[in-house]
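# Observations on the three-dimensional arrangement
What follows is each chain in one-letter form.
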Amino acid sequence: MPYNAVIARAALHFYEEPPICSENGSGAIFFSGCSLRCMFCQNFEISSKNYGKAVSKDRFIEIMKELESKGADNINLVNPSHFIPFIKDCLTQYKPKIPVVYNSGGYDRAESIRELDGLIDIYLPDFKYISNELSLKYSGCKDYVGAVTTAIPEMFRQTGESVIENGLMKRGLIIRHLVLPANVPNSLGVLNWISENMPKSTYISLMSQYTPCGRTYKYKELNRRVMTAEYQKVVDEFLRLGFTNGFMQQRNSADEQFIPEFDLTGV
């Protein structure tokens, strides 16, 4: 990828967690390319095939302003990790009047996240794996755990406790975890790490939306959706650990209809 951000879509998006998205929609900017190679990626067309268009700093700032003018609840930077220098330069030149969301797969260098201190209002990282063996198997990444467990504390250091006004988050951290079929122990391990290393008030989004996509045919266990019993075990652990803030996804969210069209809209 070049220095200039490559974008596949920039539009109002209505399928985020409640504090991120109201009826106005989140101003989602979907970046192309990815530092992970998840077998089950729903955005395979842009993450692995790199479909998108490179934009200048001036155009990127215009895109943010256009989303603001449409009434977006925030500027939602989706999978931005590999464009941090570009994003830092743009946000230094123009900081939107609405919150800026850093929405990543969790595979971030803490050093890179520190470069964004003061520019990001809300961090929305995934915490996919508690095992590097699994991260290598499913995402082609042999050091995921070390990255995510140092990046998330840095994100929290910058935002502190979450601030919510009129139902919308203005500042804070939400950790997402996608429950994978046949991998409940991984999910329980993620929750236990968060419990041991982060405040109990940390917002956690437990996602049941897993849908076989991408290259899941390579692993039989990934070629189905998550069973209700599997997801319930993860919810039960969340409750047992005493977390006070969380979101439990409805089962009907596991559908390809929620995957946006990557057609250069708004780019």
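Residues numbered from 1 in each chain as written. Predicted model: local features only at pLDDT ≥ 70, side-chain atom pairs only at ≥ 80, totals over all residues. Heavy atoms only, no water.

A word on the packing of aromatic side chains. Under the counting rule described, the total for this entry stands at 13 aromatic pairs. Geometrically, the ring pair formed by Phe-31 and Phe-83 is tilted, given 5.7 Å between the ring centres and 40 degrees between the ring planes. Highlighted residues: Phe-31 in strand β2 (residues 26-31) and Phe-83 in the loop between β4 (75-78) and α3 (84-93), separated in sequence by 52 residues. Given a relative accessible area of 1%, Phe-31 falls into the buried group. The exposure class assigned to Phe-83 is buried, which follows from its relative accessible area of 1%. Members of the aromatic cluster, each reached through a chain of ring pairs, are Tyr-3, Phe-31, Phe-60, Phe-83 and Phe-86. It is Lys-65 that lies over the ring of Tyr-94; its NZ or CZ is 4.8 Å from the centre. The ring of Phe-243 has Lys-200 lying over it, and the distance from NZ or CZ to the ring centre is 5.4 Å. (Phe/Tyr/Trp six-rings, centres within 6.5 Å; stacked < 30°, edge-to-face > 60°. Helix = DSSP H or I, 4+ residues; strand = E, 2+ residues; numbered from the N terminus. Buried < 20%, exposed > 50% of the residue type's maximum accessible area, 1.4 Å probe, protein only. Lys NZ or Arg CZ within 6 Å of the ring centre and 35° of its normal.)

Along the chain, Lys-70 turns up in the loop between α2 (57-69) and β4. A C-alpha to C-alpha distance of 22 Å links Lys-70 and Thr-92, two positions 22 residues apart in sequence.

In terms of burial, strand β9 (residues 203-207) is largely enclosed, as five of its five residues are buried. Covered by surrounding structure in β9 are Tyr-203, Ser-205 and Met-207 together with Ile-204 and Leu-206, the residues of both alternating faces. Across five bridges, the pairing between strand β8 (residues 168-178) and β9 is parallel. Looking across to β9, one finds that His-177 is bridged to Leu-206. On the question of chirality, the crossover connecting β8 to the parallel β9 by way of helix α7 (residues 184-197) is right-handed. As defined by bridge partners, β9 adjoins strand β10 (residues 245-248) across four bridges and the pair is classed as parallel. Note on β10: the bridge partner recorded for Leu-206 is Met-248. Note on the crossover from β9 through helix α8 (residues 228-240) to β10: the handedness is right-handed. (Pairing = 2+ DSSP bridges. Right-handed = clockwise from strand over helix to strand, strands pointing away.)

Here we take up unusual backbone geometry. Here the phi dihedral of Asn-166 falls at roughly 55 degrees; this positive angle occurs in a residue that is not glycine. Its place among the elements puts Asn-166 in the loop between β7 (163-165) and β8.

Moving on, we get to the pattern of salt bridges. Counting across every chain of the model gives 13 salt bridges. One salt bridge in this structure joins Glu-66 and Arg-59, with 2.9 Å as the shortest N-O distance. We classify Glu-66 as partly exposed; its relative accessible area is 33%. Across the pair Lys-137 and Glu-221 runs a salt bridge, and its minimum N-O distance is 3.1 Å. Residue Lys-137 is located in helix α5 (residues 132-139), and its partner Glu-221 is located in the loop between β9 and α8; the two are separated by 84 residues in the primary sequence. You can call Lys-137 partly exposed: its relative accessible area is 33%. Here the salt bridges share partners, and the residues they tie into one network are Glu-16, Glu-17 and Arg-176. (Salt bridge = Lys/Arg side-chain N within 4 Å of Asp/Glu carboxyl O.)

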